[in-house]
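One-letter residues, chain by chain:
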Amino acid sequence: YIEAESQPGRGSSIRIYLPRTKAPAVVTCEDREREPCRGSETVLLVEDEQAILKLGEAILKRYGYRVLSTASPRDAIALAEGHQGPVHLLITDVVMPEMNGKDLRDKIACLRPGIKTLFISGYTVDVIARHGLLDEDVRYLQKPFSVKALASKVREVLSEN
């Protein structure tokens, strides 16, 4: 039960009485997310914020991906051009110096036909779409993101036909 007291000029106090039990508390996580699936594909990560670039690289490597990473769109084009072997996925920030993520995707898609793209940004997808930087139906992950969110989204995009 709950007991409340109040006195003018002295404040209020509220006491909550709960039943006592000898049983230990049991915490269940029925809705806990499954661990995202691992991969082995090659991912080109382009992010101009160094902290996010390093974090993204660490997350992707933790889940088994080979990672080519850079903070520069121009360097990303050079990496895509010079890498021996397939590049399966481009993860790029939408707003960067030098060029935006959509233009970068278009240039890399010419070099690597069939490459899939995941856009990331601190802006919501509808704000970006309103400014003409992306179409609303793109594969997108909003920053900040969790480890599981990035790993799950990457696996989802790579698994699409």
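Below you will find a few notes about this structure.

Calculation rules
As a convention, each chain's residues are numbered from 1 in the sequence order in which they are written. Only residues with pLDDT of at least 70 get local features here, since the model is predicted, and only at 80 or more are side-chain atom pairs given and counted; chain-wide, interface and lining totals rely on the full set of residues. With hydrogens and water stripped out, all remaining heavy atoms of the structure feed into the side-chain values. Numbering of helices and strands runs from the N terminus, with a helix taken as a DSSP run of H or I at least four residues long and a strand as a DSSP run of E at least two residues long. Think of it in three bands: residues with accessible area under 20% of the maximum for their type are buried, residues over 50% are exposed, and the middle band is partly exposed, with areas taken using a 1.4 Å probe on protein chains only. Contact definition: two residues touch when any of their heavy atoms are within 4.5 Å. His residues and chain termini do not enter the charge count, which takes Lys and Arg as positive and Asp and Glu as negative. Each charge is placed at NZ for Lys, CZ for Arg, CG for Asp and CD for Glu. Here the expected span of a helix is defined as 1.5 Å times the quantity of residues minus one. In these notes, a set of buried Ala, Val, Leu, Ile, Met, Phe, Trp, Tyr and Cys residues joined through side-chain atoms within 4.5 Å is what counts as a nonpolar core. Here, a strand pair is defined by DSSP locating no fewer than two bridges between the strands. For a crossover, the right-handed case is the one in which the path from the first strand over the helix to the second runs clockwise, viewed with the strands pointing away from the viewer. The angle between two axes is taken between their N-to-C directions and runs from 0 to 180 degrees, where each axis is a line fitted to C-alpha atoms and a helix contributes only its stretch in contact.

Observations concerning the overall build of the protein chain
Okay, so step 1: Across its full length, the protein chain carries 5 helices and 7 strands.
Okay, so step 2: Helices and strands in the protein chain line up, N terminus first, as β-β-β-α-β-α-β-α-β-α-β-α.
Okay, so step 3: In terms of its C-alpha atoms, the protein chain occupies a principal-axis envelope of roughly 75 × 40 × 30 Å.
Okay, so step 4: Within the protein chain, the proportion of its 161 residues that are buried is 37%.
Okay, so step 5: Taking all contacts inside the protein chain whose residues are at least 6 apart in sequence as the whole, residues at least 24 apart take part in 61%.
Okay, so step 6: Charged side chains in the protein chain number 23 positive and 23 negative. The centres of these two groups are separated by 7 Å.

Things to note about helix H5 (residues 147-159)
Okay, so step 1: Across its 13 residues, H5 extends 18 Å between first and last C-alpha, which sits within 8% of the 18 Å expected from 1.5 Å per residue.
Okay, so step 2: Among all positions in H5, only Leu150, Ala151, Lys153, Val154, Arg155, Val157 and Leu158 are buried.
Okay, so step 3: Residues of H5 that are buried in the fold lie against helix H1 (50-62), strand S5 (89-93), strand S6 (116-121) and strand S7 (140-142).

Brief notes about the nonpolar core
Okay, so step 1: Core analysis: the biggest nonpolar cluster contains 20 residues, and Leu60, Tyr65, Leu89, Ile91, Leu118, Leu150 and Val154 have the highest contact counts within it.
Okay, so step 2: If you list the elements that add at least two residues to this core, you get strand S3 (42-46), H1, S5, S6 and H5.
Okay, so step 3: When residues in this core are grouped by element, the largest group, 5 residues, is from H5.
Okay, so step 4: Among all residues touching leucine 118, those that are not within four sequence positions of it are Leu89, Leu90, Ile91, Thr92, Arg139, Tyr140, Leu141, Leu150, Lys153, Val154 and Val157.
Okay, so step 5: Counting 13 residues, the second largest nonpolar core, distinct from the first, contains Leu44, Met96, Met99 and Ile115.

As for the side chain of arginine 155
Okay, so step 1: Mapping arginine 155 onto the fold places it in helix H5.
Okay, so step 2: Overall, arginine 155 belongs to the buried group, its relative accessible area being 15%.
Okay, so step 3: Residues in contact with arginine 155, not counting those within four places in the same chain, are Cys37, Arg38, Gly39, Glu41 and Tyr65.

Description of the pairing of strand S4 (residues 66-70)
Okay, so step 1: Sheet analysis places S3 next to S4, joined by 5 bridges and oriented parallel. Each residue of the ladder has a partner; that of valine 43, found in S4, is valine 67.
Okay, so step 2: Each parallel crossover has a hand, and for S3 linked through H1 to S4 it is right-handed.

Looking at the sheet that holds S6
Okay, so step 1: Strands sit in the order S4-S3-S5-S6-S7 across an open sheet of 5 strands; the sheet is parallel. Looking along the sheet, the strands with just one partner apiece sit at the ends: S4 and S7. Averaged over neighbouring strand pairs, the angle between their axes works out to 20 degrees when direction is ignored.
Okay, so step 2: Lying over the sheet, H5 contacts S5, S6 and S7, oriented at roughly 150 degrees with respect to S6.

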